[in-house]
Amino acid sequence: MKKLVAGILTASLAFSLAACGTGDKSTSNGDSKETKLVVGASNVPHAEILEKAKPILEKEGVDLEIEKYQDYILPNKDLEADRLDANFFQHKPYLEQQIKDNGYDFVSAGGVHIEPIGIYSKKYKSLDKLPDGATILISNSVSDQGRILTLLEAKGLITLKKGVDKAAAEVKDIDKNPKHLKIDAKTTPEMLVQMYEHKEGDAVVINSNFAIDAGLTPTKDAIALEDSNSPYVNVVAVKKENKDNKAVKKLVDVLHSKEIQDFINKEWKGSVVPVSK
């Protein structure tokens, strides 16, 4: 009898553990069932956009759970480890670099918005006021540097070497630097706001999600802003095997809906620009 009871308890425990695993995505809601979708996201604007999408998805039978992150590394690691079904925090070139560097079998399920990067300064009110030899602090992320250097070139501060893939450009690829600017690429992306607040350097290039999260308004506070037709679209990333997952497709469809795109435009007034592809 003791062996029989022990066997029943063991089987019951095994069943309970299996029901808590990532493979079981259904949650009961009265007589209906919802598909649970766990998405990792940066606080701003990604998680805020997902919060707006959550009640819409609920009507579509998708229970959206949002996991918030403060960095750019863990969301991909957790997606790889199946702790997430998708993540929404990175632009496409960064995703491609992460795939190349780490061997992730990830794909974009769809682009959602662009966050134009900006140049900020506590010391100067315009780019033409930057002195000869000024120090500009930029991200130490290689995937960010091509984008930043392209912005600096577009604003007439530098030129890049001919033939260089601008998306993959690094500081060593600068050809002409007429103002002898010192491009400091030692700071992690999430720390650039703090460097700006502490008046480090003469100007700081900051990703808009970190700027907005710190209470800055890129369209007002930046002394220069990336053009809104930037190719650096923020995407929903998933494992390749889940690209055609119905819940993921519903998520992307909702994020492309007029309701969500109107929300983005109203909430961020050009500091975040929606896309529909």
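Criteria and thresholds
- Residues numbered from 1 in each chain as written.
- Predicted model: local features only at pLDDT ≥ 70, side-chain atom pairs only at ≥ 80, totals over all residues.
- Heavy atoms only, no water.
- Helix = DSSP H or I, 4+ residues; strand = E, 2+ residues; numbered from the N terminus.
- Buried < 20%, exposed > 50% of the residue type's maximum accessible area, 1.4 Å probe, protein only.
- Contact = heavy atoms within 4.5 Å.
- Areas by Shrake-Rupley, 256 points an atom, 1.4 Å probe, with all protein chains shown as cover.
- Salt bridge = Lys/Arg side-chain N within 4 Å of Asp/Glu carboxyl O.
- 1 Å grid on protein atoms, 1.4 Å probe; cavity = no way out; pocket = protein on both sides within 12 Å on 5 of 7 lines; lining within 4 Å.
- Points joined across faces, edges and corners; volume = space filled by probe spheres on them.
- Axes fitted to C-alpha atoms, helices over the stretch in contact; angles between N-to-C directions.
- Parallel < 35°, antiparallel > 145°, perpendicular 65-115°, else oblique.
- Left-handed = near helix turned anticlockwise from the far one by under 90°.
- Pairing = 2+ DSSP bridges.
- Core = buried A, V, L, I, M, F, W, Y, C linked by side-chain atoms within 4.5 Å.
- pLDDT = per-residue confidence, 0-100.

Caption draft 1: Local environment of the overall build of the chain. Scanning the chain from N- to C-terminus turns up ten helices and 14 strands. Residues counted as buried form 45% of the 277 residues belonging to the chain. A separation threshold of at least 6 residues defines the contact pool for the chain, and within that pool the share at least 24 residues apart is 74%. Accessible surface computed for the chain: about 14,400 Å², of which carbon and sulfur atoms make up 50%.

Caption draft 2: Expanded view of unusual backbone geometry. Of note, the bond from V44 into P45 is cis; its omega dihedral lies within 30 degrees of zero at -5°. Mapped onto the elements of the fold, P45 is located in helix α2 (residues 43–59). Non-glycine residue K269 carries a positive phi angle of around 45°. Assignment of secondary structure puts K269 in the loop between α10 (258–268) and β14 (273–274).

Caption draft 3: Expanded view of the pattern of salt bridges. Taken as a whole and assessed by the stated rule, the structure comprises ten salt bridges. The salt bridge partner of D262 is K258, with a shortest N-O separation of 2.6 Å. Here D262 pairs with K258, and both are found in helix α10, just four residues apart, close to one helical turn. Overall, the relative accessible area of 37% leaves D262 in the partly exposed class.

Caption draft 4: The arrangement of empty space enclosed by the protein in detail. One pass over the structure, following the stated rule, counts two cavities of 30 Å³ or more. Size it by volume and the largest cavity reaches roughly 120 Å³. The wall of the largest cavity is formed by 14 residues, among which Y72, F89, H91, N207 and N209 lie closest to the centre. Sorting elements by how many residues they give to the lining of the largest cavity places strand β4 (residues 86–91) first, with three residues.

Caption draft 5: View of the environment of V273. Within the secondary structure layout, V273 lies in strand β14. C-alpha of V273 to C-alpha of S228: the two residues are 45 residues apart in sequence and 6.9 Å apart in space. If sequence neighbours within four positions are ignored, V273 has contacts with V112, H113, I114, P116 and S228.

Caption draft 6: A look at the packing of α2 against α10. Interhelical geometry of α2 versus α10 gives an angle of 140° and a closest axis separation of 11 Å. What the angle tells us is that α2 and α10 run oblique. Where α2 crosses over α10, the two elements pack in a sense that is right-handed. Contacts from V44, P45, E48, I49, K52, A53 and I56 of α2 reach α10 at E259, I260, F263, I264, E267 and W268.

Caption draft 7: Local environment of the sheet that holds strand β12 (residues 224–225). Sheet architecture is open: five strands sit in the order β10-β7-β11-β6-β12, paired in mixed fashion. Looking at strand neighbours, the two that pair on one side only are β10 (182–187) and β12, the edges of this open sheet. Judged from the two bridges that link them, strand β6 (residues 118–120) and β12 form a sheet pairing that is antiparallel. Bridge pairing in β12 places I119 opposite A224. In the packing of helix α5 (residues 142–154) onto the sheet, the strands contacted are β6, β7 (135–139), β10, β11 (203–206) and β12, and the crossing angle to β7 comes to about 145°.

Caption draft 8: Expanded view of the side chain of D173. Relative to the helices and strands, D173 is located in the loop between β8 (159–160) and β9 (174–176). Given a relative accessible area of 12%, D173 falls into the buried group. Excluding its chain neighbours within four sequence positions, the residues that come into contact with D173 are L160, K161, V164 and A168.

Caption draft 9: Broad picture of the nonpolar core. Within the largest apolar cluster, 31 residues are counted, with the highest numbers of intra-cluster contacts made by L50, V236 and L255. Here this core takes seven residues from α2, the largest share from any one element. When residues no more than four places from it in sequence are discounted, the contact partners of L50 are V39, A41, L64, I66, F88, L251 and L255. In terms of nonpolar packing, the next biggest core, distinct from the first, is built from 22 residues, L127, A134, L157 and A203 among them.

Caption draft 10: Region of interest: the confidence of the model for the chain. Residues at a pLDDT of 70 or more form 88% of the chain, whose mean pLDDT is 89. Predicted confidence for residues 1–24 stays below pLDDT 50, and this span has three contacts to residues more than four positions away or in other chains. With pLDDT under 50 throughout, residues 28–32 is counted as low confidence; its partners more than four residues away or in other chains account for two contacts.

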